[in-house]
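Observations on the model geometry
Listed here are the chains, written in short residue letters.
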Amino acid sequence: MSYYKILGLNSEPFSTSPDPEFLYLSREYDLALTNILIELRLKRGLNVILGDVGVGKTTLSRKLVKELNNREDFIFHVTLNPVFESEKEFLFTLIRNFDIPFDRDFREATVSEVRDVFEGFLLNQTLKQNKTVVLIIDEAQKLSQETLESLRILLNYETNDFKLVQIVLLGQLELYSRIIEIANFYDRIDFKFTLNPLGFEETKDMIDFRIRQAGFNGSMYLFLEEAIKDIYYYTKGYPRGIIRICHRCLRALVMSKSKMVVDRQLATEVIEKDSISRWRHVTMPQNSI
Ligand SMILES: Nc1ncnc2c1ncn2[C@@H]1O[C@H](COP(=O)(O)OP(=O)(O)O)[C@@H](O)[C@H]1O
Ligand SMILES: [Mg+2]
């Protein structure tokens, strides 16, 4: 029997998949999401979401996709690993992913021909079909200068009122320095947001939220506040770390014969094992908060 069933849950509360159902909408996530949706609706062009590894960028992009799926006037594509051999390959990937008819042999076509076909598609979709075309690129720090330059050119396609393609870049902080190296790219950013790790109260809320999303409806907490304090201190509020440790705590809770709840002792044991396995030494002060 799965450990979570023993705890009275229907599903895994701390699974690592970036499932939008388990996205806890902290104030920052909510702000980021609302603003991106506004910018997309206004068709202003470029949105950039920055953040460290594990802060929740991919999860946010899934949530965005879920929102866009509910709106018929949006056509979008998500690129998860934006590594392309050349600008032509990048543009051709767009052609394929947006299902754009292309009746030439790709190898013979020039970059500008492929770009023209994509522009034709954008004109048709936005001006004739009244659609908003969105390109979401995760792990955008991996984009080459050449591809970034190509995106900049795509952002030149515009009417007097709006851009023909909307771009959402989500990437680690170094993406920012890459962008500012490209002339006329930085000024095209309409919305830039840096996702920060959660605060203590939010960490507590996120843990509770995920447990309840997994079907827990007991009145007791599965984690004592003292345990959450240590988890917060150790993970610095990064959701990836929080869910890794919480997952292990619940497994340890099920294995322990004597405990009904994750207390500080149990959390500390899990954290110590985690830090040893990562070859890091974390000393837990008595009153970490
Ligand atoms: N706001 C959030 N609420 C709940 N879980 C989250 C949240 N943000 C991130 N997570 C979880 O943390 C982990 C890391 O998130 P992820 O989106 O992969 O981070 P990043 O893409 O920034 O590296 C994922 O397993 C995800 O489920
Ligand atoms: Mg990610």
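Residues numbered from 1 in each chain as written. Chains lettered and ligands numbered in written order. Predicted model: local features only at pLDDT ≥ 70, side-chain atom pairs only at ≥ 80, totals over all residues.

Here we look at the site of ligand 1
- Taken together, the neighbourhood of ligand 1 is formed by 19 residues, with Gly-56, Lys-57, Thr-58, Thr-59 and Pro-239 sitting nearest.
- Going through the elements one at a time, α3 (57-69) and α10 (239-255) are the ones with two or more residues in the shell around ligand 1.
- In the shell around ligand 1, the residues fall into ten nonpolar, seven polar and two charged.
- The residue makeup of the shell around ligand 1 includes at least three contributed by each of domain 1 (27-194) and domain 2 (198-277). (Near = placed C-beta within 6 Å. Helix = DSSP H or I, 4+ residues; strand = E, 2+ residues; numbered from the N terminus. Nonpolar A, V, L, I, M, F, W, Y, C, P; charged D, E, K, R; others polar. Domains from an automatic or database assignment.)

Observations regarding the domain arrangement of the protein chain
- Partitioning the protein chain into domains gives domain 1 (27-194) and domain 2 (198-277).
- Placing a centre on the C-alpha atoms of domain 1 and another on those of domain 2 gives a separation of 37 Å.

So, helix α11 (residues 264-277)
- Under the 1.5 Å per step criterion, the end-to-end length of α11 is 20 Å for 14 residues, consistent within 8% with the ideal 20 Å.
- Every buried residue of α11 is accounted for by Leu-266, Ala-267, Val-270 and Ile-271. When α11 is viewed along its axis, its buried side chains cluster within an angular range of 130° and face the same direction.
- For α11, the elements touching its buried residues are α9 (225-235) and α10. (Expected span 1.5 Å × (residues − 1). Buried ≥ 20, exposed ≤ 12 C-beta atoms within 10 Å, placed from the backbone. Arc of directions from axis to C-beta. Contact = placed C-beta atoms within 7 Å.)

Things to note about helix α6 (residues 145-154)
- Every buried residue of α6 is accounted for by Thr-147, Ser-150, Leu-151 and Leu-154. The buried residues of α6 all sit within an arc of 100° when viewed along its axis, so they share a single face. The exposed residues of α6 that point more than 90 degrees off its buried face are Gln-145 and Glu-146.
- Those residues of α6 that are buried are in contact with α4 (87-97) and β4 (165-171).

Observations concerning the pairing of strand β3 (residues 132-137)
- With six of six residues buried, β3 is to be regarded as a mostly interior element.
- Burial of the side chains of β3 extends over both faces: Thr-132, Val-134 and Ile-136 are buried on one face and Val-133, Leu-135 and Ile-137 on the other.
- Direction of pairing for strand β2 (residues 74-79) relative to β3: parallel, over a ladder of six bridges. What sits directly across from Val-78, in β3, is Ile-136.
- Where β3 meets β4, five bridges bridge the pair, whose relative direction is parallel. Residue pairing across strands places Ile-136 opposite Val-168, the latter belonging to β4.
- In this fold, the crossover linking β3 to β4 by way of α6 has right-handed handedness. (Pairing = 2+ DSSP bridges. Right-handed = clockwise from strand over helix to strand, strands pointing away.)

Here's the deal with unusual backbone geometry
- Although it is not a glycine, Asn-130 adopts a positive phi angle of roughly 60°.
- Of note, Asn-130 is situated in the loop between α5 (111-128) and β3.
- Unusually for a residue other than glycine, Lys-236 sits at a positive phi of about 55°.
- Relative to the helices and strands, Lys-236 is located in the loop between α9 and α10.
- Judged by local crowding, Lys-236 falls into the partly exposed class, with 13 C-beta atoms found within 10 Å.

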